[in-house]
Amino acid sequence: METRAERLSPLPENVVGVSVVRRKWNGICVDVNEIRSSGPTQHPLFLESHTRLSALLEEVGSPCEPRLRENKPCEIGYVPRQLNLMPAGMPLWGYSANSRMVRDAVLLFDLPTLGERLGQALSPDDLGAPRLRFADDRLWTLVRLLADVVEDDDPTTQLYGDGLTAAIFAALGSRRGRGPLTRKGLAPWQLRRVLDFLESRLPERVELSALAALVDLSQAHFSRAFKASTGMAPYQWQLQARLKRAQTLLLTTPASLEQVAEATGFADAVHFGKAFRRAHGATPAMWRRDRKR
């Protein structure tokens, strides 16, 4: 599937640069687009073959405007942190009188895959009409958090993104009268099976779908039940377990910080140090030194 950068070639008038980063979670393809311009711009936003949700993350210059037709202004007034929900088969245009930079995130939904994985039906009929420039702070925040980790290769990011995509899909469903399920924890055998699996895979990347399948639950149901049982989301538990393993290595081995970082799945000692300090209030070196006096 081509990105917006690939489709916008040659560049439209006054568009001086387009960049896209892409990642997939859970049947949702996430594109983070940045378009730089030098004056009035108007161009198709493409990806119309998919149901898609876009969130305006940042803009410099005149506000950008979503248009259903190339030369017909949007009838809805400007909304900060605007969201646009478009059904498959409907094109969308972007316009700005004097844009300098626009950064947005576009989520492309594979509805059959999502319905199967998340146990929540959201059919094309539910999305039969476009919704332009609507505001939903919770939904926008979830999309922004997802956009922030598109380029993060840390193993925990897989579970983190899986959880965010499940929450976004659930939020879209709840807007259509589907309330959340009751919060009930995992059975003891279910929790033990999941934790054993997570521990055996440290520090590898684990998908939420694999954890949910262990106990025959949808991802959305599993995420709620796991948090009800442990007090934390699956990605938080995995990160905490990696940091606990790092503590053991710091205390019981002469391994360098680089070696501990590699053994626990962090990109490097700097990344490891930041995560460790956020969790424990001290750098790994200070924490090790204080406990070996």
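Computed from a predicted structure; not experimentally measured.

1. Details of the overall build of the chain
Tallying secondary structure elements over the chain gives 11 helices and 7 strands in all. Dimensions of the chain, computed from C-alpha atoms along their principal axes, come out at roughly 70 × 40 × 30 Å. Here the chain holds 293 residues, and the buried ones make up 47% of them. Summarising the internal contacts of the chain: among those between residues at least 6 apart in sequence, 77% fall at separations of at least 24. In the chain, 40 side chains carry a positive charge and 33 a negative one; their mean positions are 7 Å apart.

2. Description of helix H10 (residues 269-280)
Here H10 contains 12 residues, and its C-alpha end-to-end distance of 16 Å stays within 8% of the 16 Å for a straight helix at 1.5 Å per residue. Among all positions of H10, only Ala269, Phe272, Gly273, Ala275 and Phe276 are buried. Capping the start of H10, Asp268 holds a side-chain oxygen 3.1 Å from the backbone nitrogen of Val270, two or three residues further along. Of the residues one or two after H10, Gly281 is the one with positive phi, at around 75 degrees.

3. So, the pattern of salt bridges
This structure, assessed with the given rule, holds 10 salt bridges. A salt bridge links Glu2 to Arg7, with the shortest nitrogen-to-oxygen separation between them at 3.8 Å. The class of Glu2 is partly exposed, set by a relative accessible area of 44%. Where Asp196 meets Arg192, a salt bridge forms, and the shortest distance between an N and an O atom there is 2.9 Å. With Asp196 and Arg192 both in helix H5 (residues 188-201), this residue pair falls 4 residues apart, about one helical turn. Connected through salt bridges with shared partners, the residues Arg192, Asp196 and Glu199 form a single ionic network.

4. Concerning the packing of aromatic side chains
Two measures describe an aromatic ring pair: the distance that separates the ring centres and the angle between the ring planes. Under the counting rule described, the total for this entry stands at 6 aromatic pairs. Ring centres of Tyr160 and Tyr235 lie 4.5 Å apart, and the angle between their planes is 65 degrees; this geometry places the pair in the edge-to-face category. Separated by 75 residues along the polypeptide, Tyr160 in helix H4 (residues 156-174) and Tyr235 in helix H8 (residues 234-252) bring together distant segments of the chain. On the basis of relative accessibility, which here comes to 17%, the residue Tyr160 falls in the buried class. Residue class for Tyr235 comes out partly exposed when judged on its relative accessible area of 24%. Note on Phe276 and Trp287: the rings are 5.7 Å apart at their centroids and 75 degrees apart in plane angle, and the pair reads as edge-to-face. One end of the pair, Phe276, is in helix H10; the other, Trp287, is in helix H11 (residues 284-291), with 11 residues separating them in the sequence. Assessed through its relative accessible area of 8%, Trp287 is described here as buried. A connected cluster of aromatic rings, assembled from ring pairs, spans Phe266, Phe272, Phe276 and Trp287. If you follow Arg67 out to its NZ or CZ, it ends over the ring of Tyr95, 4.0 Å from the centre. Between Arg242 and the ring centre of Phe266, over which it is positioned, the NZ or CZ distance is 4.2 Å.

5. Observations regarding the nonpolar core
Leu53, Leu107, Phe109, Leu139 and Ile168 are the most contacted members of the largest nonpolar core, which totals 31 residues. Listed by contribution, the elements that provide at least two residues to this core are strand S2 (28-44), strand S3 (51-61), strand S5 (83-86), strand S6 (93-109), helix H2 (111-118), helix H3 (137-148) and H4. What Phe109 contacts, discounting residues up to four positions off in sequence, is Gly27, Ile28, His50, Thr51, Arg52, Leu53, Leu85, Leu114, Phe169 and Leu172.

Definitions and limits used
Residues numbered from 1 in each chain as written. Predicted model: local features only at pLDDT ≥ 70, side-chain atom pairs only at ≥ 80, totals over all residues. Heavy atoms only, no water. Helix = DSSP H or I, 4+ residues; strand = E, 2+ residues; numbered from the N terminus. Buried < 20%, exposed > 50% of the residue type's maximum accessible area, 1.4 Å probe, protein only. Contact = heavy atoms within 4.5 Å. Lys, Arg positive; Asp, Glu negative; His and termini not counted. Charge placed at Lys NZ, Arg CZ, Asp CG, Glu CD. Expected span 1.5 Å × (residues − 1). Polar contact = N/O pair within 3.5 Å; in protein donor to acceptor, adjacent residues only side chain to side chain. Salt bridge = Lys/Arg side-chain N within 4 Å of Asp/Glu carboxyl O. Phe/Tyr/Trp six-rings, centres within 6.5 Å; stacked < 30°, edge-to-face > 60°. Lys NZ or Arg CZ within 6 Å of the ring centre and 35° of its normal. Core = buried A, V, L, I, M, F, W, Y, C linked by side-chain atoms within 4.5 Å.

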